[in-house]
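Structural features, examined
The residues making up each chain are set out below.
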Amino acid sequence: MSRAPVTSAGALAASLADAVLWSVDTVRPDGLRVAVSELNAAGYQQPISRKTPVLSVAQLTAIATSGTWAKLG
């Protein structure tokens, strides 16, 4: 049985109110975990470079749930 991916979006911390982290975390029936995330900055504790991350949560979900991951193992 497959479980739906877990997604989240929000500010990283009060001191980084403009920083946004989007992530998708999946666990496949065979136990393979695929987690992808992105920021609207070049890295943690870096200045933001855009209002939101480049990819949407839907695009991150498509990456995390892609059947390609099963082929890599």
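Up top is the structure these notes are about.
The present account deals with the structure reproduced in this document.

**As for the overall build of the protein chain**
Each helix and strand counted, the protein chain has 2 helices and 3 strands in total. Element order for the protein chain, N to C, with α for helix and β for strand: β-β-β-α-α. In the protein chain, the share of contacts with a sequence separation of at least 24, taken over all contacts with a separation of at least 6, comes to 38%. Of the roughly 5000 Å² that the protein chain leaves accessible, carbon and sulfur atoms contribute 58%.

**Section: the pattern of salt bridges**
Scanning the entire structure with this criterion turns up 1 salt bridge. Salt-bridge contacts for Arg33 lead to Asp25; the nearest nitrogen and oxygen are separated by 2.4 Å. Under the relative-accessibility criterion, Arg33 is labelled exposed at 55%. A residue is classified by how much of its surface remains accessible, and Asp25, at 25% relative accessible area, is partly exposed.

**A word on a nonpolar patch on the surface**
Taken together, the side chains of Leu32, Ile63, Trp69 and Leu72 make up a nonpolar region of the molecular surface, amounting to roughly 340 Å² of accessible area. Structurally, the position occupied by Ile63 is in helix H1 (residues 57–64). Classification of Ile63 by relative accessible area gives partly exposed; the value is 35%.

**Side note on the nonpolar core**
Core analysis: the biggest nonpolar cluster contains 7 residues, these being Val20, Trp22, Val24, Val34, Val36, Leu60 and Ala64. Contributions of two or more residues to this core are made by strand S2 (20–27), strand S3 (33–39) and H1.

**Let's talk about the environment of Trp22**
Tracing the chain through its elements places Trp22 in strand S2. Residue classification places Trp22 among the buried positions, given a relative accessible area of 16%. Spatially, the C-alpha atoms of Trp22 and Val57 are 6.6 Å apart, while their sequence positions differ by 35 residues.

Reading the values: the criteria
- Residues numbered from 1 in each chain as written.
- Predicted model: local features only at pLDDT ≥ 70, side-chain atom pairs only at ≥ 80, totals over all residues.
- Heavy atoms only, no water.
- Helix = DSSP H or I, 4+ residues; strand = E, 2+ residues; numbered from the N terminus.
- Contact = heavy atoms within 4.5 Å.
- Areas by Shrake-Rupley, 256 points an atom, 1.4 Å probe, with all protein chains shown as cover.
- Salt bridge = Lys/Arg side-chain N within 4 Å of Asp/Glu carboxyl O.
- Buried < 20%, exposed > 50% of the residue type's maximum accessible area, 1.4 Å probe, protein only.
- Patch = residues over 30% accessible without salt bridge, like charges linked within 9 Å, V, L, I, M, F, W, Y side chains within 5 Å.
- Core = buried A, V, L, I, M, F, W, Y, C linked by side-chain atoms within 4.5 Å.

What is shown is where atoms sit, not what they do.
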